[in-house]
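# Chains, contacts and geometry: an overview
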Amino acid sequence: MNFTKDFGSSYPIKSEKIPFYFSVDFEDFYYDSGRRLGCPNPTFKIEAVKKSYRIINKYCDQFFNGKRITFFVTAVLARKVPELIKQIFDDGHEIASHYNFHDNVDNETADSFAKNLDIAIDTLHSITGERPLGFRAPNFAISNNNIFAYKELAKRFEYDSSYKTSKYANQVTKNGKFSFGNDNLREFCVYGMPYIFDNFIIRTGGTFLRLFPAYLTIQAMKKAFSRQHVPILYLHPYEILTEKEFWFTWKDLKFMNLKQRSAFWLRQNQWSNLGNKTVEKKIEAICKVFEHQGPMREILNF
């Protein structure tokens, strides 16, 4: 098999398996949801976050041949548990940025986006001693035509992994990059495979991995590779845990009215329960076809 034709002539051939990168959007679902829902004093589930990291580290040895991964970390979580973020960094993983708070970038102005990016960068830098090279937007929520956001990212980062597409890579970027004057941003797109007569999109991770059979994620990752994208598998801490560690009790939602309270209490099954127990087996199945390459920053060397 010749993998170089898909990622460029300098991409290394490491095995007969298809290369991919596993990453985690490292956030606290309980805090982020409470804040988004209007809780006056949102709190964290720190023990749940720490537990998720222990499981992820196990994956590295169990499925990834000991190779490290990339953690896209929200700055608000980093400020809460700087010692954990430093541990992750010292363990050899990459610490990249997942913004300041878990906010949708499309709801920001150019000025507020720039300000929050700088806060996030400074937070991570103060903990690890290194500026983050990469960024991923919460919820991948940068629309493809949000030029100001990508311009601001290009000023600060080497790469981004927020752009959602079903197109071939060369239809999205030129030589894998977005360019704004002297600022270049390597873009590692989040691929979505059209499915069921193009009426549905299967992305390579998150809810799609948990709720659908593993073969659909494998198929989507293969399709991404065939369209010259770097296959990326992504997950969140709340999807890795299996005992509802980030669960909101009925009492936790007392700040909401009855209708809102009922709707969220039921819907949180989507994030904190459904399919979580299948994730480990699905990662195992994926790794029979694909081989994880290491932190995403390493792609920049090729």
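Refer to the preceding data block for the structure.
Below you will find a few notes about this structure. Being a predicted model, the structure only gives us computed values, none of them experimental.

## A word on the overall build of the protein
When helices and strands are counted, the protein shows 13 helices and 12 strands. In terms of overall dimensions, the protein is globule-like: its C-alpha atoms have a radius of gyration of 19 Å, near the 19 Å expected for 302 residues. Projected onto its principal axes, the C-alpha positions of the protein cover 55 × 40 × 40 Å. By residue count, 54% of the 302 residues in the protein fall in the buried class. Residue pairs at least 24 apart in sequence account for 74% of intrachain contacts in the protein once pairs closer than 6 positions are excluded.

## Considering the state of the cysteines
Applying the stated rule across the entire model yields 0 disulfides. Lacking any disulfide linkage, C60 is separated from the closest cysteine sulfur, that of C287, by 10 Å.

## Thoughts on the packing of helix α3 (residues 46-62) against helix α5 (residues 82-90)
Geometrically, a packed helix pair is captured by the angle between its two axes and the distance between the axes. Orientation of α3 relative to α5, taken along the N-to-C sense of each, is 5°, at an axis distance of 11 Å. The pairing of α3 with α5 is recorded here as roughly parallel in orientation. Two secondary-structure elements touch here, α3 through V49, K50 and Y53 and α5 through E83, L84, Q87 and I88. Taken together, the residues of the contact of α3 with α5 sort by class into 4 nonpolar, 1 polar and 2 charged.

## Description of the nonpolar core
Note on soluble globular proteins: their nonpolar side chains tend to be buried together. Among the nonpolar cores identified, the biggest contains 50 residues, and F22, F26, F64, F71 and I283 are the most heavily contacted of them. Among the elements that line this core, the one with the most residues is α3, at 8 residues. Dropping the residues within four chain positions of it, F71 is found in contact with V24, F26, Y53, I56, I88, H93, E94, I95 and A96. Of all hydrophobic cores here, the second largest spans 19 residues; its members include F113, F135, L153 and Y163.

## Here's the deal with unusual backbone geometry
Unusually for a residue other than glycine, N139 sits at a positive phi of about 60°. Examined against the element boundaries, N139 turns out to sit in the loop between β4 (134-135) and α7 (147-156). The backbone of F140 sits at a positive phi, close to 55°, despite the residue not being glycine. Along the polypeptide, F140 turns up in the loop between β4 and α7.

## Some words on α5
Those residues of α5 that fall on the buried side of the exposure criterion are L84, I85, I88 and F89. Viewed along the axis of α5, the buried residues span an arc of 140°, placing them on a single side of the element. Where the residues of α5 are buried, they touch β1 (18-26), α3, β2 (70-73), α4 (75-80), β3 (94-97) and α6 (110-128). One or two positions beyond α5, positive phi appears at G92, with a value near 100°.

## Things to note about the packing of aromatic side chains
Evaluation of the coordinates by the stated rule reveals 28 aromatic pairs. When the centroid spacing of 4.2 Å and the interplanar angle of 10° are considered together, the rings of Y31 and F44 count as stacked. Note that Y31 is positioned in helix α2 (residues 29-37) and F44 in the loop between α2 and α3, a separation of 13 residues in sequence. Using a relative accessible area of 9% as the deciding quantity, one classes Y31 as buried. Ring pairing ties together the aromatic residues F29, Y30, Y238, F248, F264 and W271, which thus form one cluster. Note that R35 overlies the ring of F101, its terminal NZ or CZ placed 4.0 Å from the centroid. It is K244 that lies over the ring of W247; its NZ or CZ is 4.4 Å from the centre.

## Thoughts on α2
Three or more residues of α2 are buried, namely F29, Y30, Y31, D32, S33 and G34. Against α4, α10 (237-240), α11 (258-267) and α12 (269-272) lie the buried residues of α2. Phi turns positive one or two residues past the end of α2, at G38, with a value near 100°.

## Topic: the sheet that holds strand β10 (residues 200-203)
One open sheet holds the 3 strands; their spatial order is β6-β9-β10, and the pairing between them is mixed. The open sheet has two edge strands, β6 (164-165) and β10, and neither has a second partner. Across 2 bridges, the pairing between β6 and strand β9 (residues 190-195) is parallel. Residue T165 lies in a different strand from β9, and its bridge partner there is Y191. In the packing of helix α9 (residues 214-226) onto the sheet, contacts are made with β9 and β10, and the angle to β9 comes to roughly 115°.

## Observations regarding the pattern of salt bridges
Applying the stated criterion across every chain yields a total of 13 salt bridges. One salt bridge connects E291 with K67, and the closest N-O pair in it is separated by 2.9 Å. Of this pair, E291 sits in strand β12 (residues 290-292) while K67 sits in the loop between α3 and β2, placing them 224 residues apart in sequence. Residue K86 is joined to D90 by a salt bridge in which the shortest nitrogen-to-oxygen separation is 2.9 Å.

What counts and how
Residues numbered from 1 in each chain as written. Predicted model: local features only at pLDDT ≥ 70, side-chain atom pairs only at ≥ 80, totals over all residues. Heavy atoms only, no water. Helix = DSSP H or I, 4+ residues; strand = E, 2+ residues; numbered from the N terminus. Rg over C-alpha atoms; globule rule 2.2 N^0.38 Å. Buried < 20%, exposed > 50% of the residue type's maximum accessible area, 1.4 Å probe, protein only. Contact = heavy atoms within 4.5 Å. Disulfide = S-S within 2.5 Å. Axes fitted to C-alpha atoms, helices over the stretch in contact; angles between N-to-C directions. Parallel < 35°, antiparallel > 145°, perpendicular 65-115°, else oblique. Nonpolar A, V, L, I, M, F, W, Y, C, P; charged D, E, K, R; others polar. Core = buried A, V, L, I, M, F, W, Y, C linked by side-chain atoms within 4.5 Å. Arc of directions from axis to C-beta. Phe/Tyr/Trp six-rings, centres within 6.5 Å; stacked < 30°, edge-to-face > 60°. Lys NZ or Arg CZ within 6 Å of the ring centre and 35° of its normal. Pairing = 2+ DSSP bridges. Salt bridge = Lys/Arg side-chain N within 4 Å of Asp/Glu carboxyl O.

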